[in-house]
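What follows is the residue order along each chain.
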Amino acid sequence: MNNSYFINIVRFVLLVLVQVLVFNRLNFFGFINPMVYILYLYWYPIKENRAALIGLSFLLGLLVDLFSDTMALHGAATVTIAYFRPTMMRFVFGVNIEFQSFRLSNTTRAQQITFLALLIIVHHAVFFALEIFSFANIVLMLKKIVAIGAASLVLCLLFSSLFSVKKE
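Residues numbered from 1 in each chain as written. Predicted model: local features only at pLDDT ≥ 70, side-chain atom pairs only at ≥ 80, totals over all residues. Heavy atoms only, no water.

Brief notes about helix α6 (residues 138-163)
The criterion, for reference: Helix and strand assignments follow DSSP, with helices taken as H or I runs no shorter than four residues and strands as E runs no shorter than two, numbered in order from the N terminus. Take the number of residues in a helix, subtract one, and multiply by 1.5 Å to get its expected span. Burial status follows relative accessibility: with a 1.4 Å probe on protein chains alone, a residue under 20% of its type maximum counts as buried, one over 50% as exposed, and anything between as partly exposed. Residue contacts are counted whenever heavy atoms from the two residues lie within 4.5 Å of one another.
Taking 1.5 Å of rise per residue, 26 residues should cover 38 Å, and α6 covers 36 Å from first to last C-alpha, within 8% of that figure. Those residues of α6 that sit buried are Met141, Lys144, Ile145, Ala147, Ile148, Gly149, Ala151, Ser152, Leu153, Leu155, Cys156 and Ser160. Considering only its buried residues, α6 is in contact with α1 (3-23), α2 (39-43) and α5 (109-132).

See below:
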């Protein structure tokens, strides 16, 4: 088995376990539950098969849904960001992603944070739009997107810096 496949499998399993065993049980200020499993879609290799990414993102969301009792909301949100990931990457990184030598680790920290923030915002917008499903509660939806998105971004950045390979 290729080393990158093994690393992706380990990341997948660990992020699901951390999400359902730790972060689903946290309630900062009574409603903030960070969603760190989005890091899997951030760390997924750039040049891998897009259909595999969408399938794995559905499986990732479905597993989190099974343990969270959220009726496929995570699945819908992860499939959405997996589908729009190449567009977001072109928006953040420009035409650089078309080159064979492109690596996420070779980009600036600002670009990495912007890409992660875009993934989180789109994920949370889809998730909470489906969860609340009412324009009468648009303020509540925006409050959740901003608060939980900020907490998710901070924790994802901490995990990302903790588990990244340092450049010498």
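Some remarks on unusual backbone geometry
Phi at Asp69 is positive, roughly 60°, even though this residue is not glycine. Mapped onto the elements, Asp69 comes out in the loop between α3 (50-68) and α4 (73-93).

Observations regarding α4
Helical periodicity: at 3.6 residues per turn, an α-helix aligns residues three or four positions apart in one direction. Heads up, the condition is: Values of bend correspond, residue by residue, to the angle between axes fitted over the seven residues ending at that residue and the seven starting there.
Over its 21 residues, α4 runs 29 Å from end to end, which matches the ideal 30 Å to within 8%, given 1.5 Å per residue. Along α4, the helix axis deviates most sharply at Arg85, where the bend reaches about 50°; the proline Pro86 sits within four residues downstream. At the exit of α4 stands Gly94, carrying a positive phi of roughly 75°.

Looking at the side chain of His74
Threshold: Any pair of nitrogen or oxygen atoms within 3.5 Å is treated as a polar contact; in protein, a donor-acceptor pairing is required on top of that, and neighbouring residues in sequence qualify only through side-chain atoms on both sides.
Along the chain, His74 falls in helix α4. Looking at His74, the relative accessible area reads 3%, which means it is buried. A distance of 2.5 Å separates the side chain of His74 from the side chain of Tyr37, its partner in a polar contact. Discounting residues that sit within four places of it in the chain, His74 has contacts with Met35, Tyr37, Gly61, Val64, Asp65, Ser68, His123 and Phe127.

Interpretation note: all reported values are geometric properties and have no functional meaning in isolation.
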